[in-house]
Amino acid sequence: MIAHLADVHLGAKPYQLDFRRRDILDSFEEAIDRIINEKPDLAVVAGDFFDTPRPDNDILIFAVRQLRRLTGRGIRVVFTYGEHDYPRTRDKTPVELIAESVGDKIYAPPRLSFRGTIPVLDPYIVEFDGLTVYLAPYIKASHETRKKLMKEIMSSFESDRKTRTGKTLLVAHLAFETDFPFAAPLSSPRLLPRVDYAAMGHLHKPSTCIRECLDRDVTPYAYTGSLEALRRDEIVDGGRGFYLVDLTGDEPVLHKVKLESTRPQYVMEATVDRLQYQIELLVTRESKSWRKRPLIHVLLTGDREDRVPRGSLARMVDSLKKKFDIHLRVEYYPSKEPGEPRTRVGAVDPKSILASLIDPENKYKQSTTVAGLILELKNALLEGSDEDVEELLAKLSGYERILLEEESSQATLDKYW
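Since this is a predicted model, take the numbers as computed values, not measurements. Think of each chain on its own: its residues are numbered from 1, step by step along the sequence as written. Local features are withheld for residues below a pLDDT of 70 in this predicted model, meaning they are given only at 70 or higher, and side-chain atom pairs are given and counted only at 80 or more; totals for whole chains, interfaces and linings count all residues. Where side-chain values are given, they derive from all heavy atoms of the structure, hydrogens and water being excluded.

What's the story with the nonpolar core in this structure? I'm lost.
Buried together is how nonpolar side chains tend to be arranged in soluble globular proteins. Leu-10, Phe-28, Phe-49, Val-133, Leu-169 and Leu-170 are the most contacted members of the largest nonpolar core, which has 87 residues in total. Excluding residues within four positions of it along the chain, Leu-170 makes contact with Tyr-134, Ala-136, Met-154, Phe-157, Leu-192, Pro-193, Val-195, Tyr-197, Ala-198 and Ala-199. To define a nonpolar core, start from buried Ala, Val, Leu, Ile, Met, Phe, Trp, Tyr and Cys residues and group those joined through side-chain atoms within 4.5 Å. Burial here depends on accessible area, computed with a 1.4 Å probe over protein chains only, as a share of the maximum for the residue type. Under 20% is buried, over 50% is exposed, and the range in between is partly exposed. We call two residues in contact when some of their heavy atoms are within 4.5 Å.

Put into structure tokens, the structure is as follows:
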């Protein structure tokens, strides 16, 4: 039995809210409790264990204490790396340091190294009691280099697998173009080595492909998702948690372990005059299941001229928080200029203009996508949303040619930033 976790992001503080930082620690501590109760043979973390490669000391101490609870009961832990785990310098990763301090029950390979241009994969293939584990880390490089290297790594794993007997497991931090079209290092799950199960990380929403993948002669895989929804667009029904994976049969059997300590989160659209009514309905319908005060993300709709003054809105939000014992995040959406009609037929589209400036000869079909990402990045920078900025920069990293080959690109960025 294997416990599959990913994207824990210890130390993250979504929306700069202190209680959200604590929520992530609570969820991981509960996950450790549940793993101890289930007694799997191995726990794997498919990348982004920490939110930053330089976590605070209190986060490091917390992580060591929790992992020692597993190793003290004989449960091994295996890590691969996500983009958040790598320091900018050639230093060891914090997960490596923890592995050295805790003991031989934790395996964290060194940073990926190269002999010339060939990745050194020896420390990324490990064996535990007849189970061969292949570790595929996130590779910090240009999109084209990342795609080339990851394809080579998967081919090397497949060649090694053919020499093995017993069960095989892939632990990978990556996405496919079929699921995540921006900067994905693999075009399709068909490029995975034919292992018994692929424990995936990187996507924060849980998803599985077991029986349908086997029917298509593709390696069965699953994304367990992050233990907490770190952004409002990651909120899903069905709760958060991790997977217990049974590999004893001919195909993997997944059991979702749903965590009870995760904070309830909701997204609602409302106008100012209906906000209290909609919150009251939500509280009446859902409050019996809440173990923590919920976090409600409110998108206030309406024209700009309908907005209430900032001070009045703040007082209304404070009143609603106290009345219903909830957390509220409120933002206006969408914004419109005073007097702007609700529907603009034939209106100028900034994204189309930006796309034409980036790619005046219309050489690249992705130029509109790039333009949209640039405009989203501009808004994220203005709003100070670190999570959005980081994700958008990662998405843009796959389109260097479009941004750099055109002489007009820099002028375009300067104009629209």
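Explain the sheet that holds strand E16 (residues 295-300) here, please?
Each strand in a sheet pairs with another by means of backbone hydrogen bonds, the pair being arranged parallel or else antiparallel. Read from one edge of the open sheet, three strands run E15-E16-E17, paired in parallel fashion. In this open sheet, the two strands that pair with only one neighbour each are strand E15 (265-270) and strand E17 (327-332). Along the sheet, successive strands turn relative to each other by an average axial angle of 20 degrees, direction set aside. Paired strands are those between which DSSP finds at least two bridges. Strands are runs of DSSP state E lasting at least 2 residues, helices are runs of H or I lasting at least 4, and numbering of each runs from the N terminus. In terms of strand pairing, E16 meets E17 through six bridges, oriented parallel. When the sheet's bridge partners are listed, His-297 is paired in E17 with Arg-329. Where helix H6 (residues 275-286) meets the sheet, it contacts E15, E16 and E17, and its direction lies at approximately 150 degrees from that of E15. For every element, the axis is a line fit to its C-alpha atoms; helices are fit only across the contacting stretch, and the angle between N-to-C directions ranges from 0 to 180 degrees.

Even after reading the chapter, I still don't get the environment of Ala-199, so can you show me in this structure?
Tracing the chain through its elements places Ala-199 in strand E10 (residues 197-201). For Ala-199, a relative accessible area of 0% puts it in the buried group. Along the backbone, Ala-199 and Val-171 are 28 residues apart, and their C-alpha atoms lie at a distance of 4.8 Å. Excluding anything up to four places from it in sequence, Ala-199 contacts His-4, Val-44, Ala-46, Leu-169, Leu-170, Val-171, Ala-172 and Ala-222.

Quick question: what am I supposed to make of the side chain of Ser-27 here?
For Ser-27, the position within the fold is in helix H1 (residues 18-38). Excluding residues within four positions of it along the chain, Ser-27 makes contact with Leu-227, Glu-228, Leu-259, Ser-261 and Thr-262.

What is the right way to look at helix H7 (residues 310-324) in this model?
Helix length check: H7 (15 residues) gives 21 Å between terminal C-alpha atoms against 21 Å at 1.5 Å per residue, within 8%. Packing partners of the buried residues in H7 comprise H6, E16 and E17. Two residues or fewer past H7, Asp-325 is found with a positive phi of approximately 55 degrees. Expected helix span is taken as 1.5 Å per residue step, with the number of steps being one fewer than the number of residues.

I tried to follow empty space enclosed by the protein on my own but got confused; where do I start?
The rolling of a water-molecule-sized probe over the atoms marks out the regions of remaining empty space. The rule is simple: put a 1 Å grid over the protein atoms alone, call a set of points where a 1.4 Å probe fits but cannot get out a cavity, call an open set with protein on both sides within 12 Å along at least five of seven lines a pocket, and count a residue as lining if it has an atom within 4 Å of a point. Grid points are joined across faces, edges and corners, and a volume is the space filled by probe spheres set on the points. Scanning the entire structure with this criterion turns up two cavities of 30 Å³ or more. Of the volumes computed, that of the largest cavity is approximately 40 Å³. If you trace the largest cavity, you find it lined by Leu-5, Phe-28, Ile-32, Ile-35, Ala-43, Val-45, Leu-67, Leu-70 and Val-77. Residue polarity follows a fixed list, in which Ala, Val, Leu, Ile, Met, Phe, Trp, Tyr, Cys and Pro are nonpolar, Asp, Glu, Lys and Arg are charged, and the others, Gly among them, are polar. A per-class count over the lining of the largest cavity returns nine nonpolar, no polar and no charged.

Before we go on, may I ask you to explain the pattern of salt bridges in this structure?
Note that side chains of opposite charge can pair when their charged atoms are close. Any carboxyl oxygen of Asp or Glu within 4 Å of a side-chain nitrogen of Lys or Arg constitutes a salt bridge here. Under the criterion given, the structure shown has 31 salt bridges. Here Arg-21 makes a salt bridge to Asp-56, at a shortest N to O gap of 3.3 Å. Within this pair, whereas Arg-21 is found in helix H1, its partner Asp-56 is found in the loop between strand E2 (42-46) and helix H2 (57-71), the two being separated by 35 residues in sequence. Looking at Asp-56, the relative accessible area reads 45%, which means it is partly exposed. Here the residues in one salt-bridge network are Arg-20, Arg-22, Asp-23, Asp-26, Glu-29, Glu-228, Arg-263 and Lys-292, joined through shared partners.

Just checking my understanding: could you explain the packing of aromatic side chains for this structure?
Aromatic rings in a pair are described by how distant their centres are and how their planes are angled relative to each other. Working definition: rings of Phe, Tyr and Trp (its six-membered ring) pair if their centres are within 6.5 Å, and the pair is stacked with planes under 30 degrees apart, edge-to-face with planes over 60 apart, and tilted otherwise. Summed over the entire model, instances satisfying the criterion amount to nine aromatic pairs. Note on Phe-176 and Tyr-221: the rings are 5.2 Å apart at their centroids and 65 degrees apart in plane angle, and the pair reads as edge-to-face. With Phe-176 in the loop between strand E9 (168-173) and E10 and Tyr-221 in strand E12 (residues 221-223), this pair connects stretches of sequence that are 45 residues apart. Ring geometry for Tyr-221 versus Tyr-223: centroids 6.1 Å apart, planes at 85 degrees, classification edge-to-face. The class of Tyr-221 is buried, set by a relative accessible area of 7%. Among the aromatic residues, those joined into a ring-pair cluster are Phe-28, Phe-49, Phe-50, Phe-62 and Phe-79. Note that Arg-329 overlies the ring of Tyr-15, its terminal NZ or CZ placed 3.7 Å from the centroid. Counted as over-ring charges are cases with an Arg CZ or a Lys NZ within 6 Å of the ring centre that also lie within 35 degrees of the ring normal.

Honestly, the packing of H1 against H2 in this entry has me stumped. Any pointers?
Packed helix pairs are specified by the crossing angle of their axes together with the interaxial distance, meaning the distance between the axes. Interhelical geometry of H1 versus H2 gives an angle of 10 degrees and a closest axis separation of 9 Å. As judged from the angle between their axes, H1 and H2 are roughly parallel. Across from Arg-21, Arg-22, Leu-25, Phe-28, Glu-29, Ile-32, Asp-33, Ile-35 and Ile-36 in H1, the residues of H2 making contact are Asp-58, Ile-59, Phe-62, Gln-66, Leu-67, Arg-69 and Leu-70. Taken together, the residues of the contact of H1 with H2 break down into nine nonpolar, one polar and six charged. Any angle that falls under 35 degrees is termed roughly parallel, while one over 145 is termed roughly antiparallel, one within 65 to 115 roughly perpendicular, and all others oblique.

Explain the state of the cysteines here, please?
Defined simply, a disulfide is a covalent bond joining two cysteines at their sulfur atoms. The rule for a disulfide is simple: a pair of cysteine sulfur atoms within 2.5 Å. Counted by the stated rule, this structure contains one disulfide. Two residues, Cys-209 and Cys-213, share a disulfide whose sulfurs are 2.0 Å apart. Note on the Cys-209 and Cys-213 pair: the S-S dihedral is about 110 degrees, so by sign convention the disulfide is right-handed. On the basis of relative accessibility, which here comes to 5%, the residue Cys-209 falls in the buried class.

Is there a simple way to think about the pairing of strand E14 (residues 253-258) in this case?
For a regular strand, side-chain orientation follows a simple rule: the groups alternate between the two sheet faces. Of the pairings in the sheet, the one linking strand E13 (residues 241-246) to E14 comprises six bridges and is antiparallel in character. Opposite Tyr-243, over in E14, you have Lys-256 as the bridge partner. Counted along the chain from E13 to the antiparallel partner E14, the turn is six residues long.

Can you help me understand the packing of H2 against helix H3 (residues 94-102) in this one?
As a packed pair, H2 and H3 sit with axes 10 Å apart at the nearest point and diverge in direction by 50 degrees. Here H3 runs oblique to H2, going by the angle between their axes. The handedness of the crossing between H2 and H3 is right-handed. Taking contact as the criterion, the partners of Leu-60, Ala-63, Val-64, Leu-67, Arg-68 and Thr-71 in H2 are, on H3, Pro-94, Ile-98, Ser-101 and Val-102. Here the residues of the contact of H2 with H3 are counted per class, giving seven nonpolar, two polar and one charged. Crossing handedness: left-handed means the near helix sits turned counterclockwise from the far one by under a right angle, and right-handed means the same turn made clockwise.

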